[in-house]
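# Report on the structure
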Amino acid sequence: MNAALQNTAGTAMKLEGVSKLYGSVKALDNVSFELRKGEFLTMLGPSGSGKTTSLRAIAGFIQPSAGRLLIDGRDMTAVPPQKRNIGMMFQDYALFPHMTVLENIGYPLETRGIKRAEREKRGMEMLEIVGLAHCAKRYPKEMSGGQQQRVALARALVFKPDIVLLDEPMAALDKKLRGQMQIEIMHITRQVGATVVSVTHDQEEALVMSDRIAIFKDGRLEQIGTPHELYLQPRSEFVADFIGEANLLRGVVHPAGDEIVVEGDGWKANLPKDDPRSVSIATAQKACVVLRPERIHAVPAGSGAPNEGVGVIEDKIYLGVEYRLVVRMNDGGKVNLRSRDVATIAGMQAGDRIGMAWTADDIVVIGA
Amino acid sequence: MTVSTNDRRESVTAGPLSRVSPAFWLIAPSVLFLALFFLFPLLKLVAISLPGGSMEYYDQIFTTPVFLRVIGETFRVSLIVTAVTVAIAYPYAYAMAHGSRATLLVLTVALLIPFWVSLLLRSFSWIVLLQNTGLINDFLIAAGLIDRPVRLIRTPLGVIIGMVHILLPYAVLPLYTVMKKIDLRLMEASSICGASWLRGFARIYFPMSLPGVAASAILAFTLALGFYITPALLGSPRDMMIAQMIAGQFNEQLNFGLGAALAVVLMVLTAMAFGLFGAARTALQMRGRRKGEI
């Protein structure tokens, strides 16, 4: 994120210490991040985490209690929504029911004083892009949910806004359409070169669509980064758990020679002392080891490897390409394991003891 | 077991009356009541207005200036009253539909309490308020705004004030029903599209509230055409409306034929006003369609 802060030339928007109080409830607590031009950023978090409040603050529907919002370098904190040049696709699309599709898409141009002929020309161009040119004269209620969404997207993009906001873009669609529309929205916004901020509580949607993801929790920005960064280097247990599947093992930290060891009942993880991850937990008493299910290797119990855990197989599930094992640790905690090592696992049974091995590169350590 | 139940049900419903829908028996009492106490007297009224098939009373109405003047005055006052009522009802209904719960409660109570007081009583109250020594004039004089009382009672203004007050709930409720269903998110969408509140109101909110405006205008107008007590109490004889004239023919002149003919004229004109509203609405919708097809 520090690298991003220096690269201000490509900054589309910047939030500086934005907070929002409702009475004594902090809906947003000192949120700062920036958005690069042309980027697709998703704000991800459970309900009540502050992601929607952030979106509405960016749109200008709510005034932050503290902090600043800069768009293209200009302070927009007190500017009303109609003067921000932001496009927005609402959760239930908010299409104007008494206007045709083309009139809906032409509305942002109308408010900018563009003549009818030009409005219709640009509206039709936009309809071509979203693949609905044949629906120009229809009314919103005569269209399916997926089509309405594309109209809403076209309306949000037609005036080439500085930023496009998507509020829970998939929430009103059925599951089958979602996957398709995720890809489509991504393509369309890239095609027109839009800078996008989306809000969702669906981590899969965030992973599919985003260049970067901002994870929110309890009104705070927990971590921001590319999906890859968040998956490989979560900075908190919450992020580790929220992005992808994670096993969280909590243990005590102690040094051993030129290594740092995190150890629990029946497992331990060793890290070289000069590893940056070791530095981050060097002074901690306790730490949490994040183990992704696909990074664990099943080995015979008691192999004595430096990074190993032992447990009892609780469930063994065959999924064709891989096995999925649920292993009960000594302290009763469960560890999920996915493995394609069919030869090793085929012989194991539920109730058997199993060894689990990994290398220092397979784990993330979070100081507690 | 199931089969036998089905059999029994069939045998019960297979009687001679089974061809009549059960819904008919539910509405039958109302239909009978209306036929007996509304349709029959109405036909009787029409019959009285046409003694021996002669149109003489209608000729009289349409050739006597005083009748024509009263009919014209009735429509003029009703139109003004409708316009004023809807203009006041619109922001009132807006506040009810989109304000806080407390606002809704206060406004609803303020609207409905007078509604429960009899029409006669409310019209009399306006006399107390509007007369030369009434509350309004006393206040204005005490405040030093005027030297001598402004004539409010026994003027068209007095009639309009009284009628607007009585018609307000009728105009507010249809508007409220329509406005309640308008999603304010559409106004947010309008503003993020670059529209000021005023533009959003003119292009989005107001067009969407038009069905409510139409409903409340029709209701207020048709009710206004038939007003009797309020203009009688608050207006001068010069501001007489058609209902007063009908009552006069029945009660004072005992000219039942002419009274009946006037009543029929009022009814037909009201129906025509309805038809006109309907036609205007259809035309508007057609225009909307055509506009959308460009």
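These remarks concern the structure in this document. (Residues numbered from 1 in each chain as written. Chains lettered and ligands numbered in written order. Predicted model: local features only at pLDDT ≥ 70, side-chain atom pairs only at ≥ 80, totals over all residues.)

Our focus in this paragraph is the sheet that holds strand 5 (residues 74-75) of chain A. Residue and element names in this part refer to chain A. As summarised here, the arrangement of the 4 strands in space is 2-1-4-5, forming an open sheet in which the pairing is antiparallel. Bordering the open sheet on either side are strand 2 (25-36) and strand 5, each of which pairs with just one other strand. Sheet contacts for helix 2 (residues 51-59): strand 1 (11-22), strand 2 and strand 4 (66-71); angle to strand 2, the most-contacted strand, approximately 65°. (Pairing = 2+ DSSP bridges. Helix = DSSP H or I, 4+ residues; strand = E, 2+ residues; numbered from the N terminus. Contact = placed C-beta atoms within 7 Å. Axes fitted to C-alpha atoms, helices over the stretch in contact; angles between N-to-C directions.)

Residue and element names in this part refer to chain B. Within the secondary structure, L223 is located in helix 10 (residues 197-225). Along the chain, L223 and L119 lie 104 residues apart, while their C-alpha atoms are 13 Å from each other. In this view, L223 contacts L167 and Y170; residues no more than four positions away in its chain are not counted.

With that out of the way, let us pick up the packing of helix 8 (residues 156-180) of chain B against helix 10 of chain B. Residues and elements named next belong to chain B. In the contact formed by helix 8 and helix 10, the axes pass within 8 Å of each other and the chain directions differ by 155°. When the axes of helix 8 and helix 10 are compared, the pair comes out roughly antiparallel. Between helix 8 and helix 10 the crossing geometry is right-handed. Contacts from M163, L167, Y170, A171, P174, L175, T177, V178 and M179 in helix 8 reach S209, P211, G212, V213, A215, S216, L219, A220, L223 and A224 in helix 10. The residue makeup of the contact of helix 8 with helix 10, split by class, is 15 nonpolar, 4 polar and no charged. (Parallel < 35°, antiparallel > 145°, perpendicular 65-115°, else oblique. Left-handed = near helix turned anticlockwise from the far one by under 90°. Nonpolar A, V, L, I, M, F, W, Y, C, P; charged D, E, K, R; others polar.)

Residue and element names in this part refer to chain A. With 8 bridges connecting them, strand 1 and strand 2 associate as antiparallel partners. Bridged to K20 within strand 2 is L28. Between strand 1 and strand 2, which pair antiparallel and follow one another directly, the connecting turn spans 2 residues, one of which, G23, has a positive phi of 65°.

Our next topic: the sheet that holds strand 8 (residues 196-200) of chain A. All names here are of chain A. Strand order in the open sheet formed by 6 strands is 6-7-8-3-9-10, with mixed pairing between adjacent strands. Looking along the sheet, the strands with just one partner apiece sit at the ends: strand 6 (86-89) and strand 10 (220-225). Taken pair by pair, the neighbouring strands of this sheet meet at an average axis angle of 20°, ignoring direction. Pairing of strand 7 (residues 163-167) with strand 8, which is carried by 4 bridges, proceeds in the parallel orientation. Each residue of the ladder has a partner; that of L165, found in strand 8, is V197. Across the sheet, helix 5 (residues 145-157) touches strand 6 and strand 7, and the angle it forms with strand 6 is around 175°.

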